[in-house]
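Chain and residue survey
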Amino acid sequence: QVQLVQSGGGLVQAGGSLRLSCAASGRTFSSYAMAWFRQAPGKERVFVGAINWSGGSTVYADSVKGRFTISRDHAKNTVYLQMNSLNPEDTAVYYCAAREGWRSLGSTNLYDYWGQGTQVTVSS
């Protein structure tokens, strides 16, 4: 069993930075790919990016490529989402998620575990 607890987020001005954390408990964390999704009000949950089990591969949505970075620390059982150059379109609730495998990363139904979500608000 894997449980994901998120922290970070909040309110930031456009152009600013935030870092989200996702701490996992459970002995199988190291074998899971980890992803970040976001959901804006009235919209579907969309893929932001993912990192594979080893941390050696990452994938990002075009909308965040070059601005967001995902990393993981196996010793701390934690995955991070560093968000730079934020703009108001990045405002959403952000979720981390865990799964096995590395295909169809954008499919929410393929993820086994989800964090509780954390609000990120970017003011103009």
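Everything below is about the structure shown above.
Summarised in this report is the structure supplied together with it. Sequence order sets the numbering: in each chain, residues are counted from 1 along the sequence as written. Local features are withheld for residues below a pLDDT of 70 in this predicted model, meaning they are given only at 70 or higher, and side-chain atom pairs are given and counted only at 80 or more; totals for whole chains, interfaces and linings count all residues. With hydrogens and water stripped out, all remaining heavy atoms of the structure feed into the side-chain values.

**Some details on the sheet that holds strand E7 (residues 68-73)**
- Taking strand neighbours across the sheet as the criterion, the four strands line up as E1-E3-E8-E7 in an open arrangement whose pairing is antiparallel. Of all the strands in the sheet, the pair left with one neighbour each is strand E1 (3-8) and E7. Recorded for the sheet is a direction-independent mean angle of 20 degrees between the axes of neighbouring strands.
- Two strands qualify as a pair provided that DSSP identifies no fewer than 2 bridges between them. Counting from the N terminus, the helices are DSSP H or I runs at least four residues long and the strands are E runs at least two residues long. Sheet topology places E1 next to strand E3 (residues 18-25); six bridges connect them, and they run antiparallel. By the bridge assignment, Val5 is partnered in E3 with Ala23. Helix axes are fitted only over the stretch in contact, all axes being lines through C-alpha atoms; the angle between N-to-C directions runs from 0 to 180 degrees.

**Comments concerning the packing of aromatic side chains**
- Working definition: rings of Phe, Tyr and Trp (its six-membered ring) pair if their centres are within 6.5 Å, and the pair is stacked with planes under 30 degrees apart, edge-to-face with planes over 60 apart, and tilted otherwise. For the structure shown, the criterion picks out six aromatic pairs.
- Seen from their ring centres, Phe37 and Tyr111 are 5.1 Å apart, and the 85 degrees between their planes marks the pair as edge-to-face. Here Tyr111 lies in the loop between strand E9 (92-99) and strand E10 (113-114) and Phe37 lies in strand E4 (residues 33-39), a separation of 74 residues in the sequence. Accessibility classification places Phe37 together with Tyr111 in one group, the buried group.
- By the ring-pair criterion, three or more aromatic residues cluster together here, those being Phe37, Phe47, Tyr95, Tyr111 and Trp114.
- Charge-over-ring placement is defined geometrically: NZ (Lys) or CZ (Arg) within 6 Å of the ring centre, and within 35 degrees of the ring normal. Positioned over the ring face of Tyr95 is Arg45, at 3.6 Å from the centre of the ring. Burial here depends on accessible area, computed with a 1.4 Å probe over protein chains only, as a share of the maximum for the residue type. Under 20% is buried, over 50% is exposed, and the range in between is partly exposed.

**So, the pairing of strand E8 (residues 78-83)**
- For E8, a buried count of five out of six residues is recorded, marking the element as mostly surrounded by other parts of the structure.
- One ladder, built from six bridges, connects E3 with E8; its direction is antiparallel. Its bridge partner lying in E8, Ala23 is registered against Thr78.
- What sits between the antiparallel neighbours E7 and E8 is a turn of four residues, in which Asn77 has the positive phi angle 55 degrees.

Spatial relationships are all this shows, so hold off on functional conclusions.
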